[in-house]
Amino acid sequence: MLLEISHLSKTYIRGNQTFYAVKDASLKLKEGDCAVVVGRSGSGKSTLLNLIAGLLTPTSGKVEVAGYNTTLLKDKELSLLRNFTIGYIPQGQSLLSSLSVLDNVCLPYFLQNRRKDKSMEEIDKRAYSLLEQLGILHLANAYPKHLSGGELRRVSIARALINEPKLLLADEPTNDLDTQTSKEVMGLFTGIALKGTAVLLVTHDQSIIHEGDYIYQMNDGALAPLKT
Ligand SMILES: Nc1ncnc2c1ncn2[C@@H]1O[C@H](COP(=O)(O)OP(=O)(O)OP(=O)(O)O)[C@@H](O)[C@H]1O
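Model, not experiment: these values are computed from the prediction.

1. Considering the sheet that holds strand β5 (residues 68-69)
Remark on secondary structure: sheet strands pair via backbone hydrogen bonds, oriented parallel or antiparallel. Spatial ordering of the open sheet is given by β2-β1-β4-β5, a layout of 4 strands whose pairing is antiparallel. At either end of the open sheet lies a strand with only one pairing partner, and these are β2 (17-29) and β5. Strand direction decides the pairing type here: strand β4 (residues 60-65) and β5, joined by 2 bridges, are antiparallel. When the bridges of β5 are listed, V65 appears paired with Y68.

2. Remarks on the site of the ligand
With respect to spatial proximity, 13 residues lie near the ligand, and among them Y12, A21, S41, S46 and T47 are the closest. At the level of elements, β1 (3-14) and α1 (45-52) are the ones that each hand at least two residues to the shell around the ligand. Looking at which element gives the most residues to the shell around the ligand, the answer is α1, with 3 residues. Per-class residue counts for the shell around the ligand are 2 nonpolar, 9 polar and 2 charged.

3. Here's the deal with the environment of H138
Tracing the chain through its elements places H138 in the loop between α4 (120-133) and α5 (149-161). Taking the C-beta count within 10 Å as the criterion, H138 has 10 such neighbours and is therefore assigned exposed. In this structure the C-alpha to C-alpha distance between H138 and Y128, which are 10 residues apart in sequence, comes to 9.6 Å.

4. Let's talk about the packing of helix α3 (residues 101-111) against α4
The geometry of a pair of packed helices is captured by two quantities: the angle between their axes and the separation between those axes. Relative to each other, α3 and α4 sit at 125 degrees, their axes nearing to 10 Å. The pairing of α3 with α4 is recorded here as oblique in orientation. Remark: the crossing between α3 and α4 carries right-handed chirality. Between α3, through L102, V105, C106 and Y109, and α4, the contact on the second element is made entirely by I123, D124, A127, L130 and L131. Here the contact of α3 with α4 is built from residues that sort into 8 nonpolar, no polar and 1 charged.

5. Examining the pairing of strand β6 (residues 86-89)
Strand residues, when the strand is regular, have side chains that alternate between the two faces of the sheet. Here β6 shows two buried faces, one formed by I86 and Y88 and the other by G87 and I89. As defined by bridge partners, β6 adjoins strand β7 (residues 167-171) across 4 bridges and the pair is classed as parallel. Among the inter-strand pairings, Y88 is bridged to a residue of β7, identified as L169.

Each value, and the rule that gives it
Residues numbered from 1 in each chain as written. Predicted model: local features only at pLDDT ≥ 70, side-chain atom pairs only at ≥ 80, totals over all residues. Pairing = 2+ DSSP bridges. Helix = DSSP H or I, 4+ residues; strand = E, 2+ residues; numbered from the N terminus. Near = placed C-beta within 6 Å. Nonpolar A, V, L, I, M, F, W, Y, C, P; charged D, E, K, R; others polar. Buried ≥ 20, exposed ≤ 12 C-beta atoms within 10 Å, placed from the backbone. Axes fitted to C-alpha atoms, helices over the stretch in contact; angles between N-to-C directions. Parallel < 35°, antiparallel > 145°, perpendicular 65-115°, else oblique. Left-handed = near helix turned anticlockwise from the far one by under 90°. Contact = placed C-beta atoms within 7 Å.

As structure tokens, this is what we get:
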């Protein structure tokens, strides 16, 4: 299994009430699986992805990515796992404003301090190819502040894919995208899954949920299968 979460929970305190943002969630994904989690705003989707990416610590339960129990890893080990194995497309804007689009996309490759198996030319070529597949090749030398919301999102998709992750996590990847571009982005994800990457998308966009091999509904933190 590439991803296995079991009985995963995260509680927060609001006022003097403790509540579950994620409640007893379990899910398994193997290489090549594409799963979509659909749920209303506030149902716990981003919290779930952040727990899987190791950006949040669960209150209880377990996350295993590529066989590693992420809650047992030290910070540095977790960063390496994230950088080598996980591609993460966050919901908000997360590009570095001082870097061009091309440099933002290539950055995760250069942050890896062990795997330097590609030349600068090769990595640029891969970045250009991703930008082309996402329809934003013409923006390679532009800076984030000059891009629209949908263009920024596509840059962060390219950045998440530059290291050929084994697990791709995407938080509302089609937000800000028109119908045609959403379709193209979903086509890119299903193509990546066909090549063996496990893909987990969370969304409130009902129009893309049928793209998943597996569909889950998230409701008040609880994850229930709609199609498995
Ligand atoms: N750091 C936090 N402290 C307290 N409550 C939080 C925190 N982060 C999230 N929450 C709450 O947890 C619940 C789940 O939030 P989450 O962001 O995971 O939902 P979501 O389904 O991703 O929503 P959206 O689709 O609007 O992004 C919400 O009620 C939110 O207010």
